[in-house]
Amino acid sequence: MKKKISGNPLLIAICVIFALAFLILPLIFVLVQAFKSGFAAYIASISDPIAVKSFWLTVIAVVISVVVNSFFGLFAAWSVTRYSYPGRKLITTFMDLPLSISPVIVGLIYILTFGRSSPIYHFLLAHGIKIAFTVPGVVLVTIFVTLPYISRELIPVLEATGRDEEEAAALMGAKGLTIFRRITFPHIRRAFIYGVVLCAARAMGEFGAVSIISGHLRGKTTTIPLHIEILYNEFKLAPAFAVSSILVFMAILLLIIRSLLEYYDRKNEE
Amino acid sequence: MYLELKNVNKSFGGFKAADDVSFGVEKGKLVALLGPSGSGKTTLLRIIAGFETPDSGDIIIDNERVNDMPASKRGIGFVFQNYALFRYMTAFENIAFGLKVQKKSGAEIRDRVAELMKMSGLEGLEKRYPNQLSGGQRQRVAFARALAPMPHLLLLDEPFAAIDAKVRKEMRLWLKDMVSRLGITSIFVTHDQDEAVEVADDIIVTNKGRVEQTGKPVDIYNRPRSPFVAQFIGQSTIIENPGCFIGFSEAPKNSRAIIRPEFVEAFKSDNEKYHPIIDATEEGVIKDIAFKGSFYELTLDVGGTTITVNRSLERRPIQVGEKLRVLIYRIYVFDDMGMKVLENSVLGDRAALLD
């Protein structure tokens, strides 16, 4: 079956050319460059112990960020749309802060707050808590940077859904958790999945904040993006691209998972 | 009284949604809370249900003060304006929800839901989701869902607002019939006076957060206690200086009056049937004739005042500019002191001649 074009051909052409030039072409280039020195060299680059370590650190940071921000996002979106209290608007505004602050500054703020020059540094040290130049530090800034992604997806949906169904359920004696599970969550499920995908994608690629807080301790606090930068700065272009391709594959995997979830979601609804 | 509100007040910011509201509802009655939008009727319903807490005053259900009782313990069924059906559950699951929450057994739930579905004419639609149902069916599901846990009091917020005119008529009768069969005390909110008059046993008229009048539909229609009620219920036109009209000279100075079309009769001066009472009539000129489906609505100029009157399609043809005799049976006169019904004093007992 031949599909007919309906719409302004000029606009469609602009859109397609733009997507090709800015999205797809660089992606192809990454893959081409990664395999330039041959398949064996590619395998060697990505199985390098430091590369593997940075891969696992990235996975850890992504998983923890997604879990933490899922809970935070749900609670925040709920409390902002379902409760009324003084300062509600202010909190909504503050939740968007990580989007407007440059990640580099986030990294610096964390160094200043938890590093050597901080007034609480010695207190933390006495309790064995080290943030600057450590894995927990990397995870913390990743959480901070990805904080708004899930709540921002949920708030408009919760607002649009309204409270009627929840009130109806409450009147019949349903408790909070039942109401959330049976009534509210089905409404926000799709937005939630999308928020998780955005959050994970953003956490994977985070560079600026992580770059500052990690101290670039190779093999210890470097995530994939940091490892790529180090390789690049050492003029090891082929390995840099090889490792980059891992991020690309992770991103593609994420998109596939999302599409599958949405597909099943839609199928269930029918 | 099954339900009583005593001196209930509720404000949202500077807006008074309930201003010293008191009324009672007898057991088994179907009562309409009638008022224009923004008159606080939905707020009252939500206060009774327990979704809102009044700033002051008492809510008493079955001789028990329920102000501090959570909504779920008040034994109330609630039908929301847009039904608020659970969108991700089937009709069956919607109706079963309240019973499941009460941890009833599977067999019990199945029996009760089947009974309700049969009663509401929903058989065969168990597996449908709300978006696969028509407006009328959705309303029936909402109704069945509210009734499933056997509430003692049923509250309905604008239950017919979201369905189209034809189905609405049918649903009104269905609801009236259902409520009288079940004998459940019910209150429904509406801004539609026809709906209230047609369906309710009693009407509570609200305006600006206050109760204007309560009573049977006929009484409210025939004896409105305030200009607001007179205007809101039934069709009406306001006239200045009612004392100038023949038969109404007792109307106080500076008063105004409300006339309904059914209080007025207009006929050609050669109509012999009306000759015995011709001295009680005024002269009016037809300014406009509007066809209203089953009758004509005439706009008449009577000595400078505009009066509306209905005319049967069976009577002799008339045209704009024609002069008619206008008989006013009665008017509602009101001034600062209050409101009363005035009958045409010149006509007097002779009204019987026209029957």
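### What about the overall build of chain B?
Then step 1. Of regular secondary structure, chain B possesses eight helices and 19 strands.
Then step 2. C-alpha extents for chain B along the principal axes are approximately 75 × 45 × 35 Å.
Then step 3. In chain B, buried positions account for 50% of the 355 residues.
Then step 4. Of all intrachain contacts in chain B linking residues separated by at least 6 positions in sequence, the fraction that spans at least 24 positions is 65%.
Then step 5. On chain B, roughly 16,600 Å² of surface is accessible, and the fraction owed to carbon and sulfur atoms is 47%.
Then step 6. Across chain B, the 48 positively charged side chains and the 48 negatively charged ones have centroids separated by 5 Å.

### Digging into the sheet that holds strand β12 (residues 256-259) of chain B
All names here are of chain B.
Then step 1. Across the sheet, which stays open at both edges, the four strands sit in the order β11-β12-β18-β19 with antiparallel pairing between neighbours. The open sheet has two edge strands with one neighbour each: β11 (237-240) and β19 (338-343). The average angle at which neighbouring strand axes cross in this sheet is 30 degrees, direction not considered.
Then step 2. The pairing of strand β18 (residues 330-335) with β19 spans six bridges and is antiparallel. Pairing of Y332 across the sheet is with V341, part of β19.

### Side note on the packing of helix α10 (residues 164-171) of chain A against helix α11 (residues 176-205) of chain A
In helix packing, the relevant descriptors are the interaxial angle and the interaxial distance, both defined with respect to the helix axes.
Residues and elements named next belong to chain A.
Then step 1. Running from amino to carboxyl end, α10 crosses α11 at an angle of 165 degrees, the nearest separation of the two axes being 10 Å. Compared by their axis directions, α10 and α11 come out roughly antiparallel. Relative to α11, the crossing made by α10 is right-handed. Listed contacts from α11 to E165, E166, A169 and A170 of α10 are I179, I183, T184 and H187.
Then step 2. Looking at the contact of α10 with α11 residue by residue, the class counts come to four nonpolar, two polar and two charged.

### Comments concerning the interface of chain B and chain A
Then step 1. Taken together, the contact pairs 21 residues of chain B with 15 residues of chain A.
Then step 2. In total, about 1,800 Å² of surface goes out of reach between chain B and chain A, with carbon and sulfur atoms giving 67% of it.
Then step 3. In terms of surface lost to chain A, no three residues of chain B exceed F86(B), Y88(B) and F97(B), which account for 31% of the buried area on that side.
Then step 4. Summed over the shared surface of chain B and chain A, the result is one salt bridge.
Then step 5. Its salt-bridge partner being E167(A), residue R46(B) comes within 2.7 Å of it at the nearest N-O pair.
Then step 6. Linking chain B to chain A there are three residue pairs in polar contact (both at pLDDT 80 or more).
Then step 7. In terms of residue count, the dominant contributor to the side of chain B that touches chain A is helix α2 (residues 91-101) of chain B (four residues).
Then step 8. The class makeup of the residues in the side of chain B that touches chain A is 14 nonpolar, three polar and four charged.

### Section: the pairing of strand β17 (residues 323-328) of chain B
All names here are of chain B.
Then step 1. Within β17, five of the six residues are buried, leaving the element largely enclosed by the surrounding structure.
Then step 2. Direction of pairing for strand β13 (residues 264-267) relative to β17: antiparallel, over a ladder of four bridges. Paired with F267 across the two strands is R325, which belongs to β17.
Then step 3. In this structure, strand β14 (residues 281-291) lies alongside β17, joined through five bridges in antiparallel fashion. The residue bridging V285 from the neighbouring strand is K323, located in β17.

### Focus on the sheet that holds β14(B)
All names here are of chain B.
Then step 1. Spatially, five strands are ordered β13-β17-β14-β15-β16 in an open sheet, and the strand pairing comes out antiparallel. Looking at the sheet topology across the chains shown, the edges are occupied by β13 and β16 (305-312). The average undirected angle you get between the axes of adjacent strands in this sheet is 40 degrees.
Then step 2. The pairing of strand β15 (residues 295-302) with β16 spans eight bridges and is classified as antiparallel.

### Brief notes about the nonpolar core
Residue and element names in this part refer to chain B.
Then step 1. If you look at the biggest cluster of nonpolar residues, it comprises 45 residues, and the most contacted ones within it are V79, I95, F143, L154 and I203.
Then step 2. Ranked by the residues each element gives to this core, the list is headed by helix α4 (residues 135-147), at six residues.
Then step 3. I48, F51, F97 and L153 belong to the second largest nonpolar core, which has 39 residues in total.

### Regarding the pattern of salt bridges
All names here are of chain B.
Then step 1. This model, assessed by the stated rule, comprises 26 salt bridges over all chains.
Then step 2. Between D177 and R181 there is a salt bridge; the shortest N-O distance is 3.6 Å. Pair noted here: D177 and R181 are both in helix α5 (residues 165-182), with a separation of four residues, about one helical turn.
Then step 3. Taking the relative accessible area as the measure of exposure, R181 reaches 57% and is therefore exposed.
Then step 4. Here the residues in one salt-bridge network are K169, R172, D192, E195 and E198, joined through shared partners.

### Side note on the side chain of R74(B)
Residue and element names in this part refer to chain B.
Then step 1. With respect to the element layout, R74 can be found in the loop between β5 (64-65) and β6 (76-79).
Then step 2. For the buried R74, no salt bridge is present, and the opposite-charge side chain at shortest range is D68, 7.1 Å distant.
Then step 3. Once residues within four sequence positions are removed from consideration, R74 is found in contact with I47, I48, A49, G50, I61, V66, N67 and M69.

### Notes on the environment of E212(B)
Residues and elements named next belong to chain B.
Then step 1. Position of E212 among the secondary structure elements: in strand β10 (residues 210-215).
Then step 2. According to the relative accessible area criterion, E212 is partly exposed, its value standing at 24%.
Then step 3. Spatially, the C-alpha atom of E212 lies 9.3 Å from that of G35, the residues being 177 residues apart in sequence.
Then step 4. Sequence-distant contacts of E212, defined by excluding residues within four places in its chain, comprise V205, T206, N207, S226, F228 and V229.
Then step 5. Side-chain polar atoms of E212 contact the side chain of S226, separated by 2.8 Å.

### Quick word on the packing of aromatic side chains
Then step 1. This model, assessed by the stated rule, comprises 22 aromatic pairs over all chains.
Then step 2. Judged by centre distance (5.1 Å) and plane angle (70 degrees), the ring pair of F55(A) and W56(A) falls under edge-to-face.
Then step 3. Among the residues examined, F55(A) registers a relative accessible area of 24% and is labelled partly exposed.
Then step 4. With a centroid separation of 6.2 Å and 80 degrees between ring planes, the pair formed by W78(A) and F180(A) is classed as edge-to-face. On the criterion of sequence distance, the pair formed by W78(A) in helix α3 (residues 49-82) and F180(A) in helix α11 is long-range, its members being 102 residues apart.
Then step 5. Judged by relative accessible area, which is 26%, F180(A) ranks as partly exposed.
Then step 6. Through a chain of ring-to-ring contacts, the aromatic side chains of W78(A), F180(A), F185(A) and F192(A) assemble into a single cluster.
Then step 7. Note that R145(B) overlies the ring of F86(B), its terminal NZ or CZ placed 4.4 Å from the centroid.
Then step 8. Geometry around Y221(B) places R260(B) over its ring, the cationic atom sitting 4.5 Å from the centre.

Conventions adopted
- Residues numbered from 1 in each chain as written.
- Chains lettered and ligands numbered in written order.
- Predicted model: local features only at pLDDT ≥ 70, side-chain atom pairs only at ≥ 80, totals over all residues.
- Heavy atoms only, no water.
- Helix = DSSP H or I, 4+ residues; strand = E, 2+ residues; numbered from the N terminus.
- Buried < 20%, exposed > 50% of the residue type's maximum accessible area, 1.4 Å probe, protein only.
- Contact = heavy atoms within 4.5 Å.
- Areas by Shrake-Rupley, 256 points an atom, 1.4 Å probe, with all protein chains shown as cover.
- Lys, Arg positive; Asp, Glu negative; His and termini not counted.
- Charge placed at Lys NZ, Arg CZ, Asp CG, Glu CD.
- Pairing = 2+ DSSP bridges.
- Axes fitted to C-alpha atoms, helices over the stretch in contact; angles between N-to-C directions.
- Parallel < 35°, antiparallel > 145°, perpendicular 65-115°, else oblique.
- Left-handed = near helix turned anticlockwise from the far one by under 90°.
- Nonpolar A, V, L, I, M, F, W, Y, C, P; charged D, E, K, R; others polar.
- Buried area = accessible area lost by both parts, 1.4 Å probe.
- Salt bridge = Lys/Arg side-chain N within 4 Å of Asp/Glu carboxyl O.
- Polar contact = N/O pair within 3.5 Å; in protein donor to acceptor, adjacent residues only side chain to side chain.
- Core = buried A, V, L, I, M, F, W, Y, C linked by side-chain atoms within 4.5 Å.
- Phe/Tyr/Trp six-rings, centres within 6.5 Å; stacked < 30°, edge-to-face > 60°.
- Lys NZ or Arg CZ within 6 Å of the ring centre and 35° of its normal.

Interpretation note: all reported values are geometric properties and have no functional meaning in isolation.
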